[in-house]
Amino acid sequence: PRLRITLDEYINALHNSHQWGPLGLSRDDVRDDILGDVYVTLHDHALQQSGKTVFVDKLTPYLGTSDRAIASIAKVFPEARVIVLLRDGRDVAVSGVMHWLTKSVVGESLSAQQRLRRAFFLENGPHQPARFFTDDELGAWAQHWREPIDAMRSCGSRLESLVVRYECMSTDVTGELSRICTFLGVDASAPVVRDCAEASTFEV
C-alpha cells in the first residue's frame, strides 16, 4: 500500500545486474561500500551547505534491523556520538496502537478485538472492549521498544552514547538540551539553549 524501503535495500536493488565476483567482492561488500559512500556524501554536503560543524541524523530502525543499523553507524562513522531517545515502553505501545487505530491499510484484515476497539473509539460504537491491548500487540510493541536498547548494549559499546528520556525532556527541556549540546561538543550556553528550546515548541 505504501513504499517503504531502507537505503541499503534500495542500493542492493540498484546493482542487480552487476557481476562483482571477478573483482573479488561480494554483493554485500559492494552494497556496504556504496551505502557508506552515500551517507558520507550526505554528511559532507549538509556541513558544506550549512556552514555548521556538526551533522545530526535521526534514525528509527524497522523491527529486526536495530543490530544492523547500529553496526552500520559504527562502521561508517566510528567517531559518531549516538543519542538514544528512550521513551517509556507504555508510551510506545499507546502511541503505536493509536497509529493503528487511525490509519487503515489497504487489504488489512482486523481481528474481532481490533474491529471492536476501532468501532468503539472511532465510531462511537456501543460496546467497549474488555481490554485495550491484545497479548500479541503488547508483545510486538515490547519487542519494538527493546530492540534498539539491546542493539546498543550488544554492539553499541564502540560508540559514545547518551541516553535522553522523554520524561526528562518534558520536565526540564533546557537542562536536557544543555546535556545534548555538551555531549555533541557545541555551544551549550544558556542563551543558545533557551533559543533552541523556544524555536522547537509545537506552537512554533
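Because the structure is predicted, anything quoted here is derived from the model rather than measured.

Our focus in this paragraph is the pattern of salt bridges. A full pass over the atoms with the stated rule returns 11 salt bridges. The salt bridge involving Asp150 is made with Arg146; its shortest N-O contact spans 3.2 Å. Here Asp150 pairs with Arg146, and both are found in helix α6 (residues 135-155), just four residues apart, close to one helical turn. Between Glu176 and Arg179 there is a salt bridge whose closest N-O contact spans 2.7 Å.

Turning our attention to the environment of Asp172. Note that Asp172 resides in the loop between α7 (166-171) and α8 (173-184). On a C-alpha basis, the gap between Asp172 and Arg146 in space is 25 Å, while along the polypeptide they are 26 residues apart. A polar contact is formed between the side chain of Asp172 and the backbone nitrogen of Gly175, at a distance of 3.1 Å.

For the coordinates displayed, the defined rule picks out three aromatic pairs. Ring centres of Phe120 and Phe121 lie 5.0 Å apart, and the angle between their planes is 90°; on these two criteria the pair is classed as edge-to-face. A relative accessible area of 40% places Phe121 in the partly exposed class. Ring geometry for Phe121 and Phe132: centres 5.3 Å apart, planes at 75°, overall edge-to-face. Taken as a pair, Phe121 in helix α5 (residues 112-123) and Phe132 in the loop between α5 and α6 lie far apart in primary sequence, 11 residues in all. Among the residues examined, Phe132 registers a relative accessible area of 24% and is labelled partly exposed. Clustering of aromatic rings is evident, with ring pairs tying together Phe120, Phe121, Phe132 and Phe133. Here the basic side chain of Arg87 rests over the ring of Tyr166, its NZ or CZ set 5.4 Å away from the ring centre.

The next thing to look at is the packing of helix α2 (residues 27-50) against helix α3 (residues 66-76). Helix-helix packing is described using two parameters, namely the angle between the two axes and the distance between the axes. At a closest axis distance of 11 Å, the pairing of α2 and α3 adopts a crossing angle of 70°. By the angle class used here, α2 and α3 are roughly perpendicular. Both α2 and α3 take part in a crossing whose hand is right-handed. Facing α2, whose interface residues are Arg31, Asp32, Leu35, Gly36, Tyr39 and Val40, α3 presents Arg68, Lys75 and Val76. A per-class count over the contact of α2 with α3 returns four nonpolar, one polar and four charged.

A few words on the pairing of strand β1 (residues 81-86). On a regular strand, one side chain projects to one face of the sheet and the next to the other, so that they alternate. Side chains Val82, Val84 and Leu86 of β1 all project onto a buried face; the interleaved residues Arg81, Ile83 and Leu85 project onto a face where none is buried. The sheet contact formed by β1 and strand β2 (residues 160-165) spans six bridges and is parallel. By the bridge assignment for β2, Leu86 is matched with Arg165.

Residues Ile34, Val38, Leu42 and Phe55 make up a contiguous nonpolar surface patch of roughly 290 Å² in combined accessible area. With respect to the element layout, Val38 can be found in helix α2. Overall, the relative accessible area of 31% leaves Val38 in the partly exposed class.

Here the focus is the confidence of the model for the protein chain. Model confidence for the protein chain is summarised by a mean pLDDT of 86, while 96% of its residues fall at 70 or above. The least confident element of the protein chain, judged by mean pLDDT, is helix α4 (residues 89-102) at 77; the most confident is α8 at 96.

Take the packing of α3 against α6 next. At their nearest, the axes of α3 and α6 sit 8 Å apart, and the two run at 45° to each other. Taken as axis vectors, α3 and α6 run oblique relative to one another. The hand of the α3/α6 crossing is right-handed. The segment α3 lies against α6, with Ser66, Asp67, Ile70 and Ala71 engaging Glu147, Pro148, Ala151, Met152, Ser154 and Cys155.

With respect to the helices and strands, Leu35 occurs in helix α2. For the pair Leu35 and Gly51, spaced 16 residues apart in the sequence, the C-alpha separation amounts to 24 Å. Aside from chain neighbours lying at most four places away, what touches Leu35 is Leu7, Asp8, Ile11 and Arg68.

The rules behind the values
- Residues numbered from 1 in each chain as written.
- Predicted model: local features only at pLDDT ≥ 70, side-chain atom pairs only at ≥ 80, totals over all residues.
- Heavy atoms only, no water.
- Salt bridge = Lys/Arg side-chain N within 4 Å of Asp/Glu carboxyl O.
- Helix = DSSP H or I, 4+ residues; strand = E, 2+ residues; numbered from the N terminus.
- Polar contact = N/O pair within 3.5 Å; in protein donor to acceptor, adjacent residues only side chain to side chain.
- Phe/Tyr/Trp six-rings, centres within 6.5 Å; stacked < 30°, edge-to-face > 60°.
- Buried < 20%, exposed > 50% of the residue type's maximum accessible area, 1.4 Å probe, protein only.
- Lys NZ or Arg CZ within 6 Å of the ring centre and 35° of its normal.
- Axes fitted to C-alpha atoms, helices over the stretch in contact; angles between N-to-C directions.
- Parallel < 35°, antiparallel > 145°, perpendicular 65-115°, else oblique.
- Left-handed = near helix turned anticlockwise from the far one by under 90°.
- Contact = heavy atoms within 4.5 Å.
- Nonpolar A, V, L, I, M, F, W, Y, C, P; charged D, E, K, R; others polar.
- Pairing = 2+ DSSP bridges.
- Patch = residues over 30% accessible without salt bridge, like charges linked within 9 Å, V, L, I, M, F, W, Y side chains within 5 Å.
- Areas by Shrake-Rupley, 256 points an atom, 1.4 Å probe, with all protein chains shown as cover.
- pLDDT = per-residue confidence, 0-100.

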